[in-house]
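# Observations on the model geometry
Here's the letter readout for the chains.
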Amino acid sequence: MNAVTVVSHGRPPEPVAAAEPGRRGRRRRRRDNDNDNFNEIPIEFYGLRRGTVTAITAACGLFAVFTLIPIAWLVINSTKTQANIFESFGFWFDLPFVLGRNFSLLFQNVDGYGVYFQWFGNTALYAVLGGGGATALAAFAGYGFARFNFRSSKVLFYLVIAALLVPITAITLPLYLTYAKVHLINSIWGLVLPSMVSPVGVYLMKVFVEVSVPRELIDAARIDGASEVRIFFRLALPLMVPGLMTVLLLSVVGVWNNYFLPLLIFNQNRLYPLTVGLGLWSERAQNSGNAELFPLVVIGGLVTVVPLIALFLILQRYWRSGLLLGSIAN
Amino acid sequence: MNGIASQAPPRPRGMRSLLVQSAWIHRRDRKGFWFVAPFLAAFLIFMLAPLGYAVYTSLYTTRIIGGTVFSGAANYTQTLQSGEFWSGVIRVVIFAAIQIPVMLAIAFFFATIFDLGVAKYGTFFRTVFFIPFAVPAVVGAVMWSFLLEPQFGPFVHFANGIGLHDVNFFSTNLILPSIIVIVIWEWTGYNMLILYTALRSVPRDVIEAAILDDTPLWKIILRVKLPMVRPAIVLLVFINTIGALQLFTEPLILAYFQNQAISINFTPTLYIYNTAIAGQQYNLAAAAAVILGLVIVVISVSSLVFRRRRSEVS
């Protein structure tokens, strides 16, 4: 749609053509991150001794085992009874195979501490609202900081950068104290709204806009008389999608994994996210004699992890090459 | 990147005089503020205001008799004199001093391997290593608690199997190393990915020149690549330091597993949590939060300055 505007103005269609490489940021055009073997120095040139590649691959394999051990344990033990979790060999299956029964318990209110799938729904809701909100705010702010020189824009941007320094702990407790005053304890907005503030997201979006939304393109649209809002939504936003995906991924994971703030501000178990619920279960299983909760903690942990790992595998192309994460470093 | 932002935008072609044009740019730039405004509002309400409120609260004391009274620096003096608070601070500093270098060394090692492409199945390994980033700290800590558990945990059986008897990963001596292993497990992949990206941006011709000079590979890595990704490493040290000093979830979950080695004030954040929730001493907890915030800012910024000095010298 914008292509028409741009081309009709007699400008070369290069900005639109740039959309494709621009997906990865202009600077990345020269080297290809997604294809591992493209433009790579052939390893024969390194002068490696024989067997080095095998040894290095073995080292990778060892670390992969270390990485996968807890997850393998989780998968295997989600199929076991409470007794077998402790008594049978931890890294192999044992009868009775009770995966189905364990899973069905996740729908029940075991011992009155709460229903797992309610927490799952809560977590998904908080992650979508918080992560989506954070991404939207970061998109607007990143674009604003990158492409406008309004008064004190620099100062404001440095303020955002400085916020990266502030430890979450120093914010979380005061938030809790403030909520107690304004009756936001046990309100989902008490968790969702602060989750929308992502200084890292703003920083990443600013960097991304600078490399992938050409100034000339914006100016051309302005000369055409397009409003700033329209330019943002119709022109800039489509070019910002890869960056937005990364910020979305990071902030969804951030909310999904958040523990300290919900632990403080929710004291009704129907509001808990998964992290707080699972924490409560493992505490009760250990300290209150509710040992029947152990299999639930295990399968609950597994069901918590699976959606995120699936999300990461599906969205691989946005993070695997380090894409935007890397711009933190540059 | 600020260089780009501060450049004047390219002139619109046309007959506009300089004056009209600059007024036009000015008016247009003012609109930029409205893009930033929603974030700034949220930022103000949910980040700056709570910080301000923490400082305010920390200056008061609530007593059972007499209500809330202004007490000046009393909460700060009490925190600063609290041995429990400082022992927690020292513990997380030791934790950070071991965990971060070990993790970054591992991350750099693998990032280099993937960058050079000298391992088979590099893409597969890269994906696997990143998986723990998707695992919530709570779940990670629960899994590792089961694995390391002193009576039934498979790792204890394994230690027995190789002749190490009576190993207790939850003992006073081993609890910190155990947490270090857990945190390394959680964060190595993420750090590796950032280092990998940084390594990819080292210009290829530099490496080619070094190869043509017959420089051995290890020298290329340590003398050429490492210095070129130093900014990324400094940044990672900085980010990880801020995170490590706020250690909270892992020790809290491990403590649930009937763990005597983890006191309720094991880390400063646990101290704050317990002071506020169990102790109901909100003012004192707020003062501790402010002090912890300052300690973290000082340590992380000084690590940055220190690094910069050193890199200037070399």
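From a predicted model like this one, the values you see are computed outputs, not experimental measurements. (Residues numbered from 1 in each chain as written. Chains lettered and ligands numbered in written order. Predicted model: local features only at pLDDT ≥ 70, side-chain atom pairs only at ≥ 80, totals over all residues.)

## Some words on the overall build of chain A
The cut-off we apply is this: The numbering of helices and of strands both runs from the N terminus, where a helix is a DSSP run of H or I of at least 4 residues and a strand a run of E of at least 2. Once C-beta atoms are placed from the backbone, each residue is buried if 20 or more other C-beta atoms lie within 10 Å of its own, exposed if 12 or fewer, and partly exposed for counts between those two. The contact criterion used is a C-beta to C-beta distance within 7 Å, with each C-beta placed from the backbone.
A count of helices and strands for chain A gives 18 helices and zero strands. A buried classification covers 45% of the 330 residues belonging to chain A. Here the analysis covers contacts within chain A between residues at least 6 apart in sequence; of these, 72% occur between residues at least 24 apart.

## A closer look at the overall build of chain B
Scanning chain B for helices and strands turns up 14 helices and two strands. Classification of the 314 residues of chain B by burial places 42% in the buried group. In chain B, the proportion of contacts linking residues at least 24 apart, taken out of those at least 6 apart, comes to 68%.

## Overview of the nonpolar core
Across soluble globular proteins, nonpolar side chains show a tendency to be buried alongside one another. Applied cut-off: A set of buried residues drawn from Ala, Val, Leu, Ile, Met, Phe, Trp, Tyr and Cys, joined through C-beta atoms within 7 Å, is what defines a nonpolar core.
B:Leu195, B:Ala288 and B:Ala289 are the most contacted members of the largest nonpolar core, which totals 171 residues. The contacts of B:Ala288, once residues within four sequence positions are left out, are B:Thr79, B:Phe85, B:Pro268, B:Tyr271, B:Ile272 and B:Thr275.

## Quick look at the packing of helix 4 (residues 52-77) of chain A against helix 6 (residues 137-148) of chain B
Stated precisely, the cut-off is as follows: Under this scheme, a helix contributes an axis fitted over its contacting stretch, all axes are lines through C-alpha atoms, and angles between N-to-C directions fall in the 0 to 180 degree range. Here the word oblique covers every angle except those under 35 degrees (roughly parallel), over 145 (roughly antiparallel) and from 65 to 115 (roughly perpendicular).
Here helix 4 of chain A crosses helix 6 of chain B at 85°, and the two axes come no closer than 10 Å. Classified by the angle their axes make, helix 4 of chain A and helix 6 of chain B are roughly perpendicular. Two secondary-structure elements touch here, helix 4 of chain A through A:Pro70, A:Trp73 and A:Leu74 and helix 6 of chain B through B:Met143, B:Trp144, B:Phe146 and B:Leu147.

## Focus: the packing of helix 6 of chain B against helix 12 (residues 249-256) of chain B
Residue and element names in this part refer to chain B. To keep things clear, this is the line we draw: Each crossing is labelled by how the near helix is turned from the far one, with a counterclockwise turn of less than a right angle marking it left-handed and a clockwise turn marking it right-handed. All residues other than Ala, Val, Leu, Ile, Met, Phe, Trp, Tyr, Cys, Pro, Asp, Glu, Lys and Arg, Gly among them, are scored as polar; the first ten of these are nonpolar and the last four charged.
It is the contact of helix 6 with helix 12, at a shortest axis distance of 9 Å, that shows an interaxial angle of 40°. Here helix 6 lies oblique to helix 12, going by the angle between them. Remark: the crossing between helix 6 and helix 12 carries right-handed chirality. Across the interface between the two elements, Ala 137, Val 138, Ala 141, Val 142 and Ser 145 of helix 6 pack against Thr 249, Glu 250, Ile 253 and Leu 254 of helix 12. Residues belonging to the contact of helix 6 with helix 12 are distributed by class as follows: six nonpolar, two polar and one charged.

## Topic: the interface of chain B and chain A
With 93 residues of chain B at the contact, the number on the chain A side is 92 residues. It is helix 2 (residues 18-58) of chain B that contributes the most residues to the side of chain B that touches chain A, 19 residues altogether. Taken together, the residues of the side of chain B that touches chain A break down into 71 nonpolar, 14 polar and eight charged.

## Here's the deal with the confidence of the model for chain B
All names here are of chain B. We count it as follows: Along the chain, pLDDT gives the predictor's confidence residue by residue, from 0 to 100.
In the predicted model, chain B carries a mean pLDDT of 83, and 89% of its residues have values of at least 70. The spread of mean pLDDT over the elements of chain B runs between helix 1 (residues 2-6), the lowest at 44, and helix 4 (residues 83-116), the highest at 93. Segment residues 1-7 is flagged for pLDDT under 50; beyond a separation of four residues in sequence, or across chains, it makes four contacts in the model. As a predicted assembly, this complex carries a pTM of 0.84 together with an ipTM value of 0.83.

## As for the domain arrangement of chain B
Residues and elements named next belong to chain B. To be explicit about the condition: Here the bounds of each domain stem from an automatic or database domain assignment.
Examined at the domain level, chain B breaks down into domain 1 (15-58) and domain 2 (75-313). Once you take the C-alpha centre of each, domain 1 and domain 2 turn out to be 36 Å apart. Between domain 1 and domain 2, the residue contacts involve four residues of the former and eight residues of the latter. Taken together, the residues that form the side of domain 1 that touches domain 2 break down as two nonpolar, two polar and no charged.

## Looking at helix 4 of chain B
Under the convention used in this document: Expected span, for any helix, means 1.5 Å times one less than how many residues it has.
The end-to-end C-alpha distance of helix 4 of chain B, which contains 34 residues, comes to 49 Å, matching closely the 50 Å that a straight helix rising 1.5 Å per residue would cover. At the exit of helix 4 of chain B stands B:Gly117, carrying a positive phi of roughly 75°.

## What about unusual backbone geometry?
One non-glycine residue, A:Asn186, lies in positive phi territory at about 65°. Checked against the element boundaries, A:Asn186 lands in the loop between helix 9 (168-182) and helix 10 (189-195). We note that B:Tyr121 has phi near 55°; this positive angle belongs to a residue other than glycine. Tracing the backbone through its elements, the reader meets B:Tyr121 in the loop between helix 4 and helix 5 (122-130).

## Topic: the environment of A:Pro295
Looking at the secondary structure, you find A:Pro295 in helix 16 (residues 294-314). Sequence separation between A:Pro295 and A:Ala139 is 156 residues; the distance between their C-alpha atoms is 42 Å.

## Some words on helix 11 (residues 230-244) of chain B
For helix 11 of chain B, spanning 15 residues, the distance from its first C-alpha to its last is 20 Å, which sits close to the expected 21 Å at 1.5 Å a residue. Within helix 11 of chain B, the full set of buried residues consists of B:Ala232, B:Ile233, B:Leu236, B:Asn240, B:Thr241, B:Ile242 and B:Ala244.

## Some words on the confidence of the model for chain A
Residue and element names in this part refer to chain A. In the predicted model, chain A carries a mean pLDDT of 80, and 83% of its residues have values of at least 70. Across chain A, the secondary-structure element scoring lowest on mean pLDDT is helix 1 (residues 2-8), at 32, and the one scoring highest is helix 7 (residues 116-147), at 93. Within the model, pLDDT remains below 50 along residues 1-38, and this stretch shows 47 contacts once partners closer than five positions in the same chain are excluded.

## Some thoughts on the environment of B:Arg126
Checked against the element boundaries, B:Arg126 lands in helix 5. Spatially, the C-alpha atom of B:Arg126 lies 46 Å from that of B:Gln280, the residues being 154 residues apart in sequence.

## Considerations on the environment of B:Asn191
Residue and element names in this part refer to chain B. Tracing the chain through its elements places Asn 191 in helix 8 (residues 175-200). Placed 87 residues apart in sequence, Asn 191 and Leu 104 show a C-alpha to C-alpha distance of 7.0 Å. Among all residues touching Asn 191, those that are not within four sequence positions of it are Met 103, Leu 104, Ala 107 and Leu 236.

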